[in-house]
Amino acid sequence: MISREMSMCVAVFENMQLLPLFPRFKMKLGFGERSVEEVCKTHEVNTDFFLEIANAYLDEAYIPGDGLSLFSLGTMISYLKETHTYYVETALPMVEEKISRLLDHSSLSKKEINLVTVFFNDYRQEFLTHIQEEEQHILPYILELEKQSALERPDPEFTLKLQNYSIREFEQGHDRLETSLEHLSRLIIKNLPPFKDFQLCQQVLDDLSDLVKDLTDHANMEDKILVPRVAELEEQLLNRMDAP
Amino acid sequence: MRFSGFILAIDSYLVRKGLISLLSRIQGVRIIREFATADTFQQYANRQDIDFLVINQSLFDQSSAVFVSHPGLLERTILLKEEPVTQMEVHNSIHLSEEKEVITGKIRRLMDLHVSSLSSSASSELTQREKTIVRQVSLGLTNKQIAEELFLSTHTVTTHRKNISSKLGIKSVSGLTVYAIVNNIITIEEVSLKPSE
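## What about the confidence of the model for chain B?
Residue and element names in this part refer to chain B.
Here is step 1 of the chain: Of the residues in chain B, 89% have a pLDDT of 70 or more, and the chain-wide mean is 85.
Here is step 2 of the chain: Below pLDDT 50 for its whole length, residues 119–123 participates in 14 contacts with residues either more than four positions away or in separate chains.
Here is step 3 of the chain: Both scores are available for the predicted complex, with the pTM at 0.70 and the ipTM at 0.82.

Now the structure itself:
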């Protein structure tokens, strides 16, 4: 567990898997002796929010604390968007480039190369569609919900919509993007002929496994932190409407 | 992968949080909501379906209306007792003195018993028929061709395809093909996959 008084250097040193989080918070290394809270303040990041994210990232069984209501959904959504950008602009191209280099120098048959190439292209397409759906429909809905909740007289049209839609529906249909990547790793380990360049092959498998872990955490964060909080807001707004 | 949703209605903060910590370590469990009072729980229950419920005795006594409006829920409910129980009014109960393994076992049994009947938590294991269809998709057959081979309507094949996709979380033909290879449903040599445009 990371806490606010902890030295940020120690927090990271003991939990290197936190590193990918820093660009998403636009935080830079070189922490000196500053605590987690002090580093957050320097970068204008809400400390409670950072702690929730970091701890959820470290422990899959982590249950969000009561500090949840301390930050706005807007904060969380901009973090989610930064993460999406990281996947699309950094993580996916990085592993794709390595896979294509691996295939170029391999003795795989045309059929095998085609299988991996088509698979990855389709995967990228599904990935983009998934993120687009979230960014164009789900996230704007959440922001609107937060805005309406803060109003003294919420828009009746919005609250009417709320009676028929809940964020829980999104959660039910929330596909896991990491599953296909795990299949790809297994394909390389189990079914494809061995690659000559073992180092590169290992890097591909490492990248895939990092990405799987990151995507799992990301989905958990959406399902365990974002969705319950949004559902709570939905409920509060509906209760206000029910009250005379 | 699909999850079993759990609602917790327990008035003791410590017991509730302790149980959440235990439950969230069980594969396939997802905590949907927690409630500390019968009022808030009932308000929620008035609007939502409930897969599984863990509730303590006093909140249970105050929430009988919920079980009337949710037929079948009683069988998917675990009653949390402070004392070991002898009476059989609720089949599933755990009590505070029980060990982690005992509680985990009871939760798992309950999930296994009901999980296939709940739409939101379909099992991710493919049936033999579905495996056959995954194989034929990987061989490059269209839904129409699969329907002809298996003497099914195209509509039935489409339904199977939808179920397969939601069980596996895979939509594309290439994704299903790789799934089929790593699960020994087909060999790479047999696969027929069109190159991307």
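There's more to say after this.
## Here we look at the domain arrangement of chain B
Here is step 1 of the chain: Structurally, chain B comprises domain 1 (4–121) and domain 2 (128–182).
Here is step 2 of the chain: Distance between the C-alpha centres of domain 1 of chain B and domain 2 of chain B: 37 Å.

## Observations concerning the sheet that holds strand β3 (residues 52–56) of chain B
All names here are of chain B.
Here is step 1 of the chain: The sheet built from 5 strands is open, its strands ordered β2-β1-β3-β4-β5 with parallel pairing. The open sheet has two edge strands, β2 (29–35) and β5 (93–95), and neither has a second partner. Neighbour-to-neighbour, the strand axes of the sheet open up by a mean angle of 20 degrees, direction not taken into account.
Here is step 2 of the chain: Pairing of strand β4 (residues 77–81) with β5 involves 3 bridges; the strand directions are parallel. Of the residues in β5, the one forming a bridge with Lys81 is His95.
Here is step 3 of the chain: With respect to the sheet, helix α1 (residues 13–23) is in contact with β1 (4–9), β2 and β3, its orientation differing from that of β2 by roughly 170 degrees.

## Some remarks on the packing of helix α5 (residues 73–104) of chain A against helix α10 (residues 198–242) of chain A
Residues and elements named next belong to chain A.
Here is step 1 of the chain: Interhelical geometry of α5 versus α10 gives an angle of 160 degrees and a closest axis separation of 10 Å. Considering their axes alone, α5 and α10 lie roughly antiparallel with respect to each other. Note that α5 runs across α10; the crossing there is left-handed. Where α5 approaches α10, its residues Leu73, Met76, Thr83, Ala91, Met94, Val95, Lys98, Ile99, Arg101 and Leu102 are matched on the opposing element by Leu200, Cys201, Gln203, Val204, Asp207, Leu208, Leu211, His218, Leu226, Arg229 and Val230.
Here is step 2 of the chain: The residue makeup of the contact of α5 with α10, split by class, is 14 nonpolar, 3 polar and 4 charged.

## With respect to the nonpolar core
Here is step 1 of the chain: Within the largest apolar cluster, 31 residues are counted, with the highest numbers of intra-cluster contacts made by A:Phe119, B:Val134 and B:Tyr179.
Here is step 2 of the chain: Elements represented by at least two residues in this core include exactly α5, α6 (110–150), α9 (178–191) and α10 of chain A together with α6 (128–138), α7 (143–150), α8 (154–168) and α9 (173–182) of chain B.
Here is step 3 of the chain: A per-element tally of this core places α6(A) first, with 6 residues.
Here is step 4 of the chain: Beyond its immediate sequence surroundings of up to four residues, B:Val134 is in contact with B:Leu126, B:Ile164, B:Leu176, B:Tyr179, B:Ala180 and B:Ile185.
Here is step 5 of the chain: Membership of the second largest hydrophobic core comes to 29 residues, among which are A:Ile2, A:Phe31, A:Val230 and A:Leu233.

Criteria and thresholds
Residues numbered from 1 in each chain as written. Chains lettered and ligands numbered in written order. Predicted model: local features only at pLDDT ≥ 70, side-chain atom pairs only at ≥ 80, totals over all residues. pLDDT = per-residue confidence, 0-100. Contact = placed C-beta atoms within 7 Å. Domains from an automatic or database assignment. Pairing = 2+ DSSP bridges. Helix = DSSP H or I, 4+ residues; strand = E, 2+ residues; numbered from the N terminus. Axes fitted to C-alpha atoms, helices over the stretch in contact; angles between N-to-C directions. Parallel < 35°, antiparallel > 145°, perpendicular 65-115°, else oblique. Left-handed = near helix turned anticlockwise from the far one by under 90°. Nonpolar A, V, L, I, M, F, W, Y, C, P; charged D, E, K, R; others polar. Core = buried A, V, L, I, M, F, W, Y, C linked by C-beta atoms within 7 Å. Buried ≥ 20, exposed ≤ 12 C-beta atoms within 10 Å, placed from the backbone.

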